[in-house]
Amino acid sequence: MKSERKSAVTWCLGVSIAVCCCLSILYSFLPPFLNPDEAIQGQVRMPFSKEELHNFGAVDYVIFGGMLAITAATGLYHAFAGGGQRTTAKYLMADRSMFSLPVAISVLASFLSAVTILGLPSEIFVFGVQYWMVIWCYFITIPVTAIFFIPVFHGLGLTSAYEYLEQRFSMSLRVVAACLFIVQNTFYIAVILYAPALALETVTKFAVWKTVLITGIVCTIYTSLGGMKAVIYTDVFNFCVLFVSLVTIVVMGTVRAGGLGRVWEINANHSHLNFFDFDGDPTARLSFWSLVIGGAFTTLPMWAVSQTSVQRFLTARSLKEARRSVWINLPGNIIMVTLVAFSGMVLFAFYNDTDGKGQETHPTPNYTSPDQILVYFVSEEFGSIPVLQPQGSMPLRPLPLWTSFDQSGTGED
């Protein structure tokens, strides 16, 4: 019975990955939703040809391929280590044996998709630092999750967040909620598969569909074979690569932009330091209240009841470890959002600095979407450094989509 159940889970996971890949490939043929000419006003945008980009070299391909291999090998290792994934508890819940730190990193990495890494610097670059204030919503989300939700789920010994709905209400409600989760994540994962694939295409000859297909295959291998433990440890590995890469880009980018003081000065001169806007107008694009209150309502379902996070939290060996893994994500979210947001400030300072004659020293490149600004910056400024070249094209972990793709995890529903 257990082996049939595991086979069904693996089959469903493979089908989900295939659907997401297909949606991502189809998405690549759609026109962009954002017209950069309307979003970026008052800036000089210069042509940026393929020749100016530092394309992948041999060392880049070796590093990129090595990270693919490590990711797949993680799944293969956990598929056979310790007797393999012989039970449903071991496959879905890592035998409830995990410590808090890897669980915390895995959950944090799961919500750091290419949409965040590409989109947040673009948001800061175009509209200023106001969105940065979304970090305050985590002072609501994290405590509520740790204090109220995790003890309930952990105390019931659940495997799926939707088991609670069955126990509290009915099987039909559980099925509906699980189906909605699958549908929502199928479209979401398709987008985050597509985003870094598009960025990778900028600096390589890989077509979008090829990147999506390769990523989907590797994901299928390590997730379906290695189970939840492989997912968590792959998340940890990829997150470490992501974090080191982001820190390197921010530090080196700050130096190229003229230093921390210069970055702050240029952003201030262009009214980009719009941290706090307490406007109560509900039609305003962003305000402190919409970011904090709206952000809390947005993130609370993700952290407290989503199968993506709940399944990971419940792999902890005790309630204490599970709660600790939630609390670790309070500083973790603040640090990561701050790091990514500050990279947007660095980009804005770099491309809006002027010489003594008032001419921009680094004209804004003629990208097709604002989300490409980080890609162009890293490729142009650091493309000669083998390890950093892929980072500009978003294989930061090695593509941030992998851990985000694991939001489907190896969930029972």
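Residues numbered from 1 in each chain as written. Predicted model: local features only at pLDDT ≥ 70, side-chain atom pairs only at ≥ 80, totals over all residues. Heavy atoms only, no water.

Caption draft 1: Examining the confidence of the model for the protein more closely. Here the protein shows a mean pLDDT of 78. Residues at 70 or above account for 77%. A low-confidence stretch, residues 389–408 stays under pLDDT 50, and its non-local contacts, those more than four residues away or across chains, total 107 contacts. (pLDDT = per-residue confidence, 0-100. Contact = heavy atoms within 4.5 Å.)

Caption draft 2: View of helix α3 (residues 58–80). Its 23 residues give α3 an end-to-end C-alpha distance of 33 Å, which sits within 8% of 33 Å, the value for a rise of 1.5 Å per residue. Positive phi appears at G82, one or two residues downstream of α3, with a value of about 65°. (Helix = DSSP H or I, 4+ residues; strand = E, 2+ residues; numbered from the N terminus. Expected span 1.5 Å × (residues − 1).)

Caption draft 3: Inspection of helix α12 (residues 288–304) at higher detail. Helix length check: α12, at 17 residues, gives a terminal C-alpha distance of 23 Å against a target of 24 Å (1.5 Å per residue), a fit within 8%. In α12, a bend of some 30° at G295 exceeds every other bend along the element. Buried residues of α12: F288, L291, V292, G295, A296, T299, W303 and A304, and no others. Looking at the buried residues of α12, the elements they touch are α5 (100–110), α7 (138–156), α13 (307–313) and α14 (319–352). (Bend = angle between axes of the 7 residues up to and from the residue. Buried < 20%, exposed > 50% of the residue type's maximum accessible area, 1.4 Å probe, protein only.)

Caption draft 4: Seen up close, the nonpolar core. One finds W132 and F239 to be the most contacted residues of the largest nonpolar core, which totals 65 residues. Of all elements in the fold, only α5, α6 (114–127), α7, α10 (208–256), α11 (260–269), α12, α14 and α15 (373–382) reach the threshold of two or more residues within this core. (Core = buried A, V, L, I, M, F, W, Y, C linked by side-chain atoms within 4.5 Å.)

Caption draft 5: Layout of the pattern of salt bridges. In total, this model carries 6 salt bridges according to the counting rule given. Its salt-bridge partner being D235, residue R312 comes within 3.3 Å of it at the nearest N-O pair. A residue pair is termed long-range when its members are at least 10 positions apart, and R312 in helix α13 and D235 in helix α10 qualify at 77 residues. Assessed through its relative accessible area of 0%, D235 is described here as buried. We note a salt bridge from D353 to R262, for which the minimum N-O separation is 2.5 Å. Separated by 91 residues along the polypeptide, D353 in the loop between α14 and β2 (364–365) and R262 in helix α11 bring together distant segments of the chain. The exposure class assigned to R262 is partly exposed, which follows from its relative accessible area of 25%. Overlapping salt bridges bring together R262, E265 and D353 as one network. (Salt bridge = Lys/Arg side-chain N within 4 Å of Asp/Glu carboxyl O.)

Caption draft 6: Region of interest: the side chain of S343. Positionally, S343 belongs in helix α14. We classify S343 as buried; its relative accessible area is 6%. Polar contacts involving the side chain of S343 include one to the main-chain carbonyl oxygen of V340, which spans 2.4 Å. Excluding anything up to four places from it in sequence, S343 contacts P121 and V250. (Polar contact = N/O pair within 3.5 Å; in protein donor to acceptor, adjacent residues only side chain to side chain.)

Caption draft 7: Region of the structure containing the packing of aromatic side chains. On inspection of all chains with the given rule, the structure shows 17 aromatic pairs. Measuring from ring centre to ring centre gives 6.3 Å for F239 and F243, while their planes differ by 20°; the resulting arrangement is stacked. One end of the pair, F239, and the other, F243, are both in helix α10, 4 residues apart, so they sit about a helical turn from each other. Judged by its relative accessible area of 10%, F239 falls in the buried class. Residue F243 is classed as partly exposed on the basis of its relative accessible area of 32%. (Phe/Tyr/Trp six-rings, centres within 6.5 Å; stacked < 30°, edge-to-face > 60°.)

Caption draft 8: Up close: a nonpolar patch on the surface. A cluster of nonpolar side chains, contributed by L76, F80, W209, L213, I217, I221 and L225, occupies part of the molecular surface with about 660 Å² of accessible area. Of all the secondary-structure elements, those providing two or more residues to the nonpolar patch are α3 and α10. Per-element accounting of the nonpolar patch gives the leading share, 5 residues, to α10. Residue classification places I221 among the partly exposed positions, given a relative accessible area of 32%. (Patch = residues over 30% accessible without salt bridge, like charges linked within 9 Å, V, L, I, M, F, W, Y side chains within 5 Å. Areas by Shrake-Rupley, 256 points an atom, 1.4 Å probe, with all protein chains shown as cover.)

Caption draft 9: Geometry of the packing of α10 against α15. Their axes nearest at 12 Å, the elements α10 and α15 cross at an angle of 70°. Relative to α15, α10 is oriented roughly perpendicular. Contacts between α10 and α15 involve I249, M252, G253 and R256 from the former and L374, F377, V378, E381 and F382 from the latter. Of the residues contributing to the contact of α10 with α15, the split by class is 6 nonpolar, 1 polar and 2 charged. (Axes fitted to C-alpha atoms, helices over the stretch in contact; angles between N-to-C directions. Parallel < 35°, antiparallel > 145°, perpendicular 65-115°, else oblique. Nonpolar A, V, L, I, M, F, W, Y, C, P; charged D, E, K, R; others polar.)

Caption draft 10: Quick peek at the packing of α7 against α14. Between α7 and α14, whose axes approach to 9 Å, the crossing angle comes to 160°. As the angle between them shows, α7 and α14 are arranged roughly antiparallel. Crossing of α7 against α14: the hand is right-handed. Contacts between α7 and α14 involve Y138, F139, I142, P143, T145, A146, I147, I150, P151 and H154 on the former and, on the latter, L319, A322, R323, V326, W327, N329, L330, N333, I334 and V337. Taken together, the residues of the contact of α7 with α14 break down into 15 nonpolar, 4 polar and 1 charged. (Left-handed = near helix turned anticlockwise from the far one by under 90°.)

Caption draft 11: Fine view of the side chain of S245. With respect to the helices, strands and loops of the structure, S245 is situated in helix α10. Within polar-contact distance, the side chain of S245 engages the backbone oxygen of V241 at 2.7 Å.

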